[in-house]
Amino acid sequence: MLTTRFVTGAPNWIDLSAPDIQGAGDFYGGLFGWRFQPGGPETGGYGLFQLEGKTVAGGMQTTEEQGPPCWTVYFQTPDADATAKAAEQAHGAVLMQPMDVMDQGRMAILTDKAGVSFGIWQPGRNKGLDVTQEPGSLCWVELYTADLPMAAYFYRAALGLETYGLEFPGGTYTTLLPDGQDEDAMFGGIVPLADDPMEAQAGAYWMPYFEVADTDEAVAKAQRLGGSVRLPATDVPGVGRIAKLADPYGARFAVIKSEPQTSS
């Protein structure tokens, strides 16, 4: 599972780009109970979303020229420069060159071979998110892509990620986990666009899942707050009840009320 015991290759940060970060703060505050804490002038407007004093995400106001509103998933690396070079060698690209974020860490924005953007974070003083898996926090990430084998190759080469197939009624779900970890370290999955017509129309991207106490209630709240429903609340046997949403500015994400894990 996705935890705050971050290891190389696992997600350790997530942030939101929005044209109105205060408006986005109101939306996610109403939905998850987050509070947006703006950073000082030295942060360039970057701030933190917090839940009961714990950081659950970052966020920044962006312009149309900087790209559409979106969530960006960051993966842990011990060496941002080396990871950026590995991504290029695996036929990805570097959108934002590795740079120091004060003494907090070192980051870069990359794309995979299909052009899907993601971030990398080399921890400094900021080790990563304060909380995961709890209601209102990140609990899973999912890559939608046209070519699953190509994506598996790229993320293995760039981040050292392994894939593991889980059998479900109707097919196999390809999960992701850090190199050398056991199945309990799975933190996300890869879904071929051909298997999901709605996502195929939207295009390839990384989608974050946030844990909630009640999926149907979260869907209703999102609609009241100006968000939209991309996939109504749906039960996934053995996983939980999920829904795919978008905030008022179009940033896509999902919510899930996970089924309790039972020991074998």
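Residues numbered from 1 in each chain as written. Predicted model: local features only at pLDDT ≥ 70, side-chain atom pairs only at ≥ 80, totals over all residues. Heavy atoms only, no water.

**Remarks on the sheet that holds strand S12 (residues 188–192)**
- The 8 strands are arranged S10-S11-S12-S9-S13-S16-S15-S14 in an open sheet whose pairing can be described as mixed. Pairing within the sheet leaves two strands with one partner each, and these edge strands are strand S10 (161–168) and strand S14 (228–236). The average undirected angle you get between the axes of adjacent strands in this sheet is 25°.
- In this structure, strand S9 (residues 138–145) lies alongside S12, joined through 5 bridges in parallel fashion. Paired with Glu142 across the two strands is Gly189, which belongs to S12.
- Where helix H3 (residues 148–159) meets the sheet, it contacts S9, S10, strand S11 (171–178), S12 and strand S13 (205–211), and its direction lies at approximately 145° from that of S10. (Pairing = 2+ DSSP bridges. Helix = DSSP H or I, 4+ residues; strand = E, 2+ residues; numbered from the N terminus. Axes fitted to C-alpha atoms, helices over the stretch in contact; angles between N-to-C directions. Contact = heavy atoms within 4.5 Å.)

**Looking at the pairing of strand S15 (residues 240–246)**
- Here S15 lies mainly inside the structure; 6 of its 7 residues are buried.
- Here S14 pairs with S15 via 6 bridges, running antiparallel. Residue pairing across strands places Thr234 opposite Ile242, the latter belonging to S15.
- Relative to strand S16 (residues 252–258), S15 runs antiparallel, the two being bridged by 7 bridges. Bridge pairing in S16 places Ala246 opposite Arg252.
- Linking S15 to S16, which pair antiparallel, is a turn of 5 residues; within it Gly250 sits at a positive phi near 105°. (Buried < 20%, exposed > 50% of the residue type's maximum accessible area, 1.4 Å probe, protein only.)

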